[in-house]
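# Observations on the model geometry
For reference, the chains in residue letters:
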Protein chains: 2
Amino acid sequence: MNDQDLKPFLYPRSVAVIGATERPGSWGSFIIEGLRAFPFAGSIYPVNHQAERVFGIPAFRSVSDIPGPVDLAVLTIPENQVEKTLKECGEKGVQGVVIISAGFGEAVEGGKEREKGLVALAHTYGMRLMGPNVSGVFNLFADFNASAAPIGHLIKTPVAAVCQGGYAIYDLLAHGYYRKMGVGIFIHTGNEADLTTTDFLAMMGDLPEVQAVVMYIEAVKDGRRFLETARKVAEAKPVVVYKAGKTPGASRAAASHTGALAGSFKVYEGAFDQANVVSCPTMELLLPLGQALAERPPLKGRRVVILTMGGSWGVALSDALESEGLRVPNLSPGLQKRLRDMGMPVRASVKNPVDIGASGLFLAEDLLTELGREILRSGEADALILHGFGRPGMDAEGTPPTLRFYQEINKNIIRAYAAMEKEFQIPVLIGSAYGPSESQAVFDLTREGIRIYQRLDETAQILSRMFRYWERRGKDRPLSEQAALGAERSSARG
Amino acid sequence: MNDQDLKPFLYPRSVAVIGATERPGSWGSFIIEGLRAFPFAGSIYPVNHQAERVFGIPAFRSVSDIPGPVDLAVLTIPENQVEKTLKECGEKGVQGVVIISAGFGEAVEGGKEREKGLVALAHTYGMRLMGPNVSGVFNLFADFNASAAPIGHLIKTPVAAVCQGGYAIYDLLAHGYYRKMGVGIFIHTGNEADLTTTDFLAMMGDLPEVQAVVMYIEAVKDGRRFLETARKVAEAKPVVVYKAGKTPGASRAAASHTGALAGSFKVYEGAFDQANVVSCPTMELLLPLGQALAERPPLKGRRVVILTMGGSWGVALSDALESEGLRVPNLSPGLQKRLRDMGMPVRASVKNPVDIGASGLFLAEDLLTELGREILRSGEADALILHGFGRPGMDAEGTPPTLRFYQEINKNIIRAYAAMEKEFQIPVLIGSAYGPSESQAVFDLTREGIRIYQRLDETAQILSRMFRYWERRGKDRPLSEQAALGAERSSARG
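Values in this document were obtained by computation on a predicted structure and should not be read as measured data. (Residues numbered from 1 in each chain as written. Chains lettered and ligands numbered in written order. Predicted model: local features only at pLDDT ≥ 70, side-chain atom pairs only at ≥ 80, totals over all residues. Heavy atoms only, no water.)

## Description of the pattern of salt bridges
- Inspection of the entire model under this criterion finds 58 salt bridges over all chains.
- A salt bridge links Arg225 of chain A to Asp199 of chain A; the nearest nitrogen and oxygen atoms lie 2.3 Å apart. Taken together, the positions of Arg225 of chain A in helix α7 (residues 223-234) and Asp199 of chain A in helix α6 (residues 197-206) put the pair 26 residues apart, joining distant regions of the chain.
- On the basis of relative accessibility, which here comes to 3%, the residue Asp199 of chain A falls in the buried class.
- As a salt-bridge pair, Arg465 of chain B and Glu324 of chain B come within 3.3 Å of each other at their nearest N and O atoms. Here the residue Arg465 of chain B occupies a position in helix α16 (residues 456-472), and Glu324 of chain B occupies one in the loop between α11 (311-323) and α12 (333-342), the gap between them amounting to 141 residues.
- The network of salt bridges with common partners includes Arg338, Glu370, Arg373, Glu374, Arg377 and Glu423 of chain A. (Salt bridge = Lys/Arg side-chain N within 4 Å of Asp/Glu carboxyl O. Helix = DSSP H or I, 4+ residues; strand = E, 2+ residues; numbered from the N terminus. Buried < 20%, exposed > 50% of the residue type's maximum accessible area, 1.4 Å probe, protein only.)

And the structure:
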């Protein structure tokens with residue numbers, strides 16, 4: 001596989017949308033609207049056998065009628081026209097084809113055979129295929145968006161998403177948007193008649209814009225090649241995988257037939273480990289985890305120090321962290337003394353968790369930020385978590401000035417801690433029980449780009465996976481025959 | 001322990017707040033303001049050694065000066081005045097005392113001894129104590145609120161909270177508020193010098209207003225009595241416990257000393273099992289889980305049927321459910337055929353998960369609700385989950401009519417499924433990736449009282465615990481000597 005083969009899928013100079021239309025709710029309109037919404041530098045060619053123009057862009061009867069060269073064709077046509085159209089694309093010299101059309105191997109008897117025919121046909125012309133049964137592709141680094149993702153929800157970050165399933169990823173993106181999370185590149189491989197997630201993963205390894213890759217995978221076709229590719233990419237940037245189909249029911253749901261895959265999740269996990277692939281515990285964590293690995297400094301040890309506004313949060317957060325293999329150790333007597341000397345009253349614990357809530361100092365902005373700096377300076381923390389600022393309350397016309405004042409102090413303290421991460425190059429995570437719809441402070445700070453985690457278990461899951469990734473990176477972990485073969489066997493059904 | 005002893009804490013006819021003041025941010029002002037915010041039928045007596053009135057209510061120099069009888073005294077005074085004040089309360093004939101004051105066993109050397117002295121003193125007069133080191137108590141069924149909980153966030157539900165720690169519970173209540181979740185009764189036992197969570201748990205068992213009890217516990221003082229009480233209460237209503245201090249760090253955080261507790265969490269879990277206490281996996285799930293157990297029909301089997309708008313959500317949700325011991329079985333051929341005959345196209349899966357997203361029918365309101373009714377009628381579902389409606393988008397002045405129209409259809413479908421739960425007496429859970437700040441539909445429906453779960457793992461955790469609770473209820477599970485002793489030993493340090 002040559003990376004050049006894949007370039008047309010992410011950096012096309014010209015795109016034909018075959019089946020382009022203005023009909024609301026249709027894929028032909030989604031893709032054209034997606035392309036138009038960005039200042040795409042290449043040419044856009046709607047192909048429609050009747051219309052003169054589609055959304056104002058001159059249209060062509062067939063791909064053959066297009067005057068210039070066509071790098072990429074996106075097919076939004078009924079499945080029974082796919083073969084005929086592929087042939088026309090081949091004759092035209094198209095390099096890559098995205099087949100949105102569904103109704104092949106995933107749905108009907110004999111569909112897999114038909115897919116093989118599509119691939120054979122495409123390869124005759126030197127064309128590569130993405131799909132069938134996909135929802136598109138985008139590369140915001142090239143202002144290229146041939147997907148149905150809601151435009152308003154796309155945020156360009158150095159995280160790339162390479163996914164076998166797609167629709168739910170749009171949901172994750174929409175959800176992430178409100179937290180300023182997103183992906184710069186989105187690839188949906190669907191039935192993978194030709195190109196697979198492995199092919200695109202390899203390409204992501206070579207793109208300097210990409211700092212981390214998140215993947216939603218139901219099954220890999222070639223276990224050994226996937227693991228070797230992932231291991232290589234993971235040496236340069238984190239690869240995070242949510243592997244669906246862990247259980248029999250889910251496996252059946254994924255594949256619409258029972259068997260092989262179900263028992264093999266342990267094999268996958270073992271193989272992921274050897275390749276230093278980060279296994280994502282829930283689908284919802286895919287984006288936050290990828291984002292954390294891409295943008296936070298490495299976590300170099302297990303020692304986490306907690307500053308909390310509520311004793312019970314401190315206890316529960318300690319539970320969550322230690323259950324994930326991290327540690328919440330006592331601070332040294334020397335550091336404890338220094339924190340006391342700075343002004344922590346005798347009633348407040350300085351042992352870790354450090355209990356700010358009990359300190360009565362929750363408005364002493366300068367002192368509170370100095371506590372954090374002292375801890376980070378001490379070398380006793382591999383990571384710091386500030387939990388419990390950003391209390392509820394949304395601004396309204398009648399919001400009393402005192403509440404606004406408290407909110408500003410809350411925000412200043414959180415901003416100060418977020419800034420410490422860069423200064424000390426030690427991960428500093430901010431937690432609050434409240435989401436952006438509950439707390440004005442959380443809402444405002446999220447818009448400023450500060451990440452605020454709502455759940456203790458997610459905070460722990462993110463930190464523990466950061467630790468494991470960085471602990472293993474650069475270390476020699478030969479891929480065992482067994483793991484490679486296991487993953488291979490378990491995916492042979494694909 | 002006579003339940004009569006506890007009545008003054010939840011149904012007082014008169015309350016003295018000793019240390020009442022208008023000073024902002026002080027406990028004396030929180031408690032008085034809390035009491036005033038409800039139409040409390042009893043008498044409120046501020047005690048302040050200087051002021052004539054506190055927030056407009058006539059104040060007294062000391063509790064002895066109060067003309068009528070005093071059922072409950074709430075102490076918001078410096079810790080060094082507690083003994084003297086207790087004595088005055090005893091002389092006055094006060095029945096119950098809530099000691100908000102901190103600075104005893106949790107903070108200083110010799111504090112535990114001093115607490116024993118307080119109890120001895122109180123018992124001389126036949127008084128009972130809650131605390132010290134607590135944040136109050138409320139019973140919304142009696143319009144009685146002597147707590148610092150933000151008034152605006154209190155929602156009266158048949159769930160009672162009996163907690164050793166308190167501050168974080170206020171956070172849970174504030175967070176729950178935006179989801180129409182709350183507790184009708186809140187009890188904070190703190191250092192438990194006298195009354196414990198077990199004492200109040202027994203009382204909750206007898207209150208008809210209470211349908212479920214949620215508990216935050218760091219350590220129980222008398223393991224055997226706790227388990228026997230819990231088992232008895234759990235025969236009538238669910239008891240949900242978040243047991244903090246599972247790990248060494250958390251245990252240290254909870255108790256400010258290492259040891260015994262850490263290794264004993266497994267003993268707790270085993271003992272909880274025997275008592276049919278529902279063990280809560282995260283602190284954040286305490287309220288949603290209690291609410292589900294209080295208000296949903298029993299889950300009578302493991303078979304869960306999923307209707308989803310996105311194939312990948314169906315796969316991931318199947319994973320989450322089966323990982324929790326539930327099942328996502330294929331529907332019978334007969335039922336599959338009936339769903340097809342109703343109008344599900346060949347491309348949409350009717351196997352379970354039923355894939356509505358692929359059906360192209362997502363606007364066919366009547367058909368979609370009929371699908372659910374057919375499944376519930378079939379007897380093949382012990383629970384039904386509808387996932388993926390309530391897409392993002394918030395109403396604004398410029399919201400186009402088509403978007404509002406889609407939102408209305410989304411809302412109607414969700415409403416219809418929520419209503420099926422009552423009709424069929426089978427749990428029907430609604431899931432959406434979006435929260436109330438992201439989706440107008442989710443926001444509106446949440447305000448109508450419909451629960452919409454955002455996370456797949458939480459949905460699975462709730463259903464699996466509902467199943468286990470109802471499976472065991474009514475079955476004879478003798479409490480083993482071992483479990484009782486184990487819990488006893490592990491908590492002996494208290």
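Back to the text.
## Digging into empty space enclosed by the protein
- Here the structure, examined in full by the defined rule, presents 4 cavities of 30 Å³ or more.
- The computed volume of the largest cavity comes to approximately 960 Å³.
- Along the walls of the largest cavity sit 46 residues, with Arg179, Gln454 and Arg455 of chain A together with Gln454 and Arg455 of chain B positioned nearest its centre.
- Looking at the lining of the largest cavity, the elements that each hand over two or more residues are α5 (167-177), α10 (286-295), α15 (440-447) and β19 (452-453) of chain A together with α5 (167-177), α10 (286-295), α15 (440-447) and β19 (452-453) of chain B.
- Residue classes in the lining of the largest cavity are distributed as 22 nonpolar, 12 polar and 12 charged. (1 Å grid on protein atoms, 1.4 Å probe; cavity = no way out; pocket = protein on both sides within 12 Å on 5 of 7 lines; lining within 4 Å. Points joined across faces, edges and corners; volume = space filled by probe spheres on them. Nonpolar A, V, L, I, M, F, W, Y, C, P; charged D, E, K, R; others polar.)

## Observations regarding the relation of the copies chain A and chain B
- Once chain A is rotated about the relating axis by 180 degrees and shifted along it by 0.0 Å, it coincides with chain B to within an RMSD of 0.1 Å. Expressed as a symmetry operation, the mapping of one chain copy onto the other fits a two-fold axis. Among all C-alpha atoms of chain A, that of Ser437 of chain A lies closest to the rotation axis, at 2.5 Å.
- Counting the interface residues of chain A, we find that 100% of their copies in chain B are interface residues as well, pointing to one common contact surface. (Least-squares fit on C-alpha atoms with pLDDT ≥ 70 in both. Contact = heavy atoms within 4.5 Å.)

## Describing the confidence of the model for chain A
- With 92% of its residues at a pLDDT of at least 70, chain A reaches an overall mean of 89.
- Below a pLDDT of 50 lies the segment residues 256-263 of chain A, which in the model reaches 21 contacts outside its immediate sequence neighbourhood of four places, other chains included. (pLDDT = per-residue confidence, 0-100.)

## Here we look at the sheet that holds strand β1 (residues 14-18) of chain B
Residue and element names in this part refer to chain B.
- Ordered by their spatial adjacency, 5 strands build an open sheet running β2-β1-β5-β6-β7, and the pairing between neighbours is parallel. The open sheet terminates on both sides in strands that have one partner only, identified here as β2 (43-47) and β7 (128-130). The average undirected angle you get between the axes of adjacent strands in this sheet is 20 degrees.
- Here strand β6 (residues 96-99) pairs with β7 via 3 bridges, running parallel. Across the sheet, the residue bridging to Val97 is Leu129, located in β7.
- Strands in contact with helix α2 (residues 27-36) are β1, β2 and β5 (72-75); relative to β1, the strand with the most contacts, it is inclined by about 160 degrees. (Pairing = 2+ DSSP bridges. Axes fitted to C-alpha atoms, helices over the stretch in contact; angles between N-to-C directions.)

## Looking at the sheet that holds strand β6 (residues 96-99) of chain A
Residues and elements named next belong to chain A.
- Pairing in this open sheet of 5 strands is parallel, and the strands run β2-β1-β5-β6-β7 from one edge to the other. With one partner strand each, in any of the chains shown, β2 (43-47) and β7 (128-130) form the two edges of the open sheet. Strand after strand, the sheet turns through a mean of 20 degrees between neighbouring axes, direction not considered.

## Overview of the nonpolar core
- Grouped together as the largest cluster of nonpolar side chains are 216 residues, with contacts concentrated most on Met204 of chain A together with Met204 of chain B.
- Beyond its immediate stretch of four places on either side in the chain, Met204 of chain A contacts Leu10, Ala160, Val162, Ile185, Ile187, Val210, Val213 and Lys237 of chain A. (Core = buried A, V, L, I, M, F, W, Y, C linked by side-chain atoms within 4.5 Å.)

## Observations concerning the packing of aromatic side chains
All names here are of chain B.
- Scanning the entire structure with this criterion turns up 22 aromatic pairs over all chains.
- Consider the rings of Trp27 and Phe30, whose centres lie 5.5 Å apart with planes at 80 degrees: the pair is edge-to-face. With Trp27 and Phe30 both in helix α2 and 3 residues apart, the pair spans about one turn of that helix.
- By relative accessible area, which is 31% here, Trp27 ends up partly exposed.
- In this structure Phe30 comes out as partly exposed when scored by relative accessible area, which is 31%.
- Taken together, a centroid distance of 6.0 Å and an interplanar angle of 20 degrees make the contact between Tyr216 and Tyr242 stacked. Taken together, the residues Tyr216 in strand β12 (residues 212-217) and Tyr242 in strand β13 (residues 239-243) connect sequence positions 26 residues apart. (Phe/Tyr/Trp six-rings, centres within 6.5 Å; stacked < 30°, edge-to-face > 60°.)

## Some thoughts on the interface of chain A and chain B
- The partner chain B presents 62 residues to the 62 residues of chain A that form the contact.
- When chain A packs against chain B, close to 4,900 Å² is buried across both sides, 53% of that on carbon and sulfur atoms.
- Note that Arg179 of chain A is salt-bridged to Glu438 of chain B, the shortest N-O span being 2.8 Å.
- Where chain A meets chain B, there are 16 residue pairs in polar contact (both at pLDDT 80 or more). (Buried area = accessible area lost by both parts, 1.4 Å probe. Polar contact = N/O pair within 3.5 Å; in protein donor to acceptor, adjacent residues only side chain to side chain.)

## Comments concerning the domain arrangement of chain A
All names here are of chain A.
- With domains assigned, chain A is organised as domain 1 (3-217) and domain 2 (298-472).
- Each partner contributes residues to the interface: domain 1 has 4 residues there, and domain 2 has 6 residues.
- The junction of domain 1 with domain 2 conceals about 450 Å² of combined surface from both sides, 54% of it contributed by carbon and sulfur atoms.
- Together, Arg179, Lys180 and Met181 form the three largest contributors to the area buried by domain 1 at its contact with domain 2, with a combined 85%.
- Inspection of the region where domain 1 meets domain 2 yields 0 salt bridges.
- Taken together, domain 1 and domain 2 are joined by 3 residue pairs in polar contact (both at pLDDT 80 or more).
- Partitioned by chemical class, the residues of the side of domain 1 that touches domain 2 number 2 nonpolar, no polar and 2 charged. (Domains from an automatic or database assignment.)

## Points about the pairing of strand β8 (residues 136-139) of chain A
All names here are of chain A.
- Of the two faces of β8, the one carrying Gly136 and Phe138 and the one carrying Val137 and Asn139 are both buried.
- With 4 bridges connecting them, β8 and strand β9 (residues 144-147) associate as antiparallel partners. Among the inter-strand pairings, Asn139 is bridged to a residue of β9, identified as Phe144.
- Following β8, the chain reverses through 4 residues before pairing antiparallel with β9; Asp143 in that reversal takes a positive phi of roughly 50 degrees.

## Here's the deal with the packing of α11 of chain B against α16 of chain B
Residues and elements named next belong to chain B.
- For the pair α11 and α16, interaxial distance at closest approach is 8 Å and the crossing angle is 40 degrees. In terms of orientation, α11 lies oblique with respect to α16. Helix-helix and strand crossings are classified by hand; for α11 and α16 the assignment is right-handed. Packed against α11, whose contacting residues are Trp313, Ala316, Leu317, Ala320 and Leu321, the element α16 presents Leu456, Asp457, Ala460 and Leu463 at the interface.
- For the contact of α11 with α16, the class distribution of residues is 8 nonpolar, no polar and 1 charged. (Parallel < 35°, antiparallel > 145°, perpendicular 65-115°, else oblique. Left-handed = near helix turned anticlockwise from the far one by under 90°.)

## Regarding the environment of Gly390 of chain B
Residue and element names in this part refer to chain B.
- Along the chain, the position of Gly390 falls in the loop between β17 (383-387) and α14 (401-424).
- For Gly390, a relative accessible area of 0% gives the class buried.
- C-alpha separation for the pair Gly390 and Gly431, spaced 41 residues apart in sequence, amounts to 8.8 Å.
- Apart from the residues lying within four places of it in its own chain, the contact partners of Gly390 are Asn410, Ile414, Ser432, Tyr434, Ser439, Ala441 and Val442.

## Re the side chain of His153 of chain B
- Take His153 of chain B: it is sitting in the loop between β9 (144-147) and β10 (159-163).
- Using a relative accessible area of 13% as the deciding quantity, one classes His153 of chain B as buried.
- Sequence-distant contacts of His153 of chain B, defined by excluding residues within four places in its chain, comprise Pro392 of chain A together with Leu173, Ala174, Tyr177 and Tyr178 of chain B.

## Topic: the environment of Pro281 of chain B
Residues and elements named next belong to chain B.
- For Pro281, the position within the fold is in the loop between β14 (278-279) and α10.
- Of the residues examined, Pro281 reaches a relative accessible area of 28% and is grouped as partly exposed.
- Placed 83 residues apart in sequence, Pro281 and Ala364 show a C-alpha to C-alpha distance of 38 Å.
- The residues contacting Pro281, other than those within four sequence positions of it, are Tyr242, Lys246, Gln461 and Arg465.

## Examining the side chain of Asp194 of chain B
Residues and elements named next belong to chain B.
- By secondary structure assignment, the location of Asp194 is in the loop between β11 (185-188) and α6 (197-206).
- A polar contact is formed between the side chain of Asp194 and the side chain of Arg128, at a distance of 2.9 Å.
- Apart from the residues within four sequence positions on either side, Asp194 is in contact with Val119, His123, Met127, Arg128, Leu129, Gly131 and Asp199.

## What about unusual backbone geometry?
- For the bond running from Gly131 of chain B to Pro132 of chain B, omega is -5 degrees, close enough to zero to count as cis.
- Residue Pro353 of chain B follows Asn352 of chain B across a cis peptide bond; omega there is 0 degrees.
- Following the sequence through the fold, Pro353 of chain B ends up in the loop between α12 and β16 (354-355).
- Backbone geometry at Lys180 of chain A places phi at a positive 60 degrees, although glycine is not the residue there.
- Within the secondary structure, Lys180 of chain A sits in the loop between α5 and β11 (185-188).

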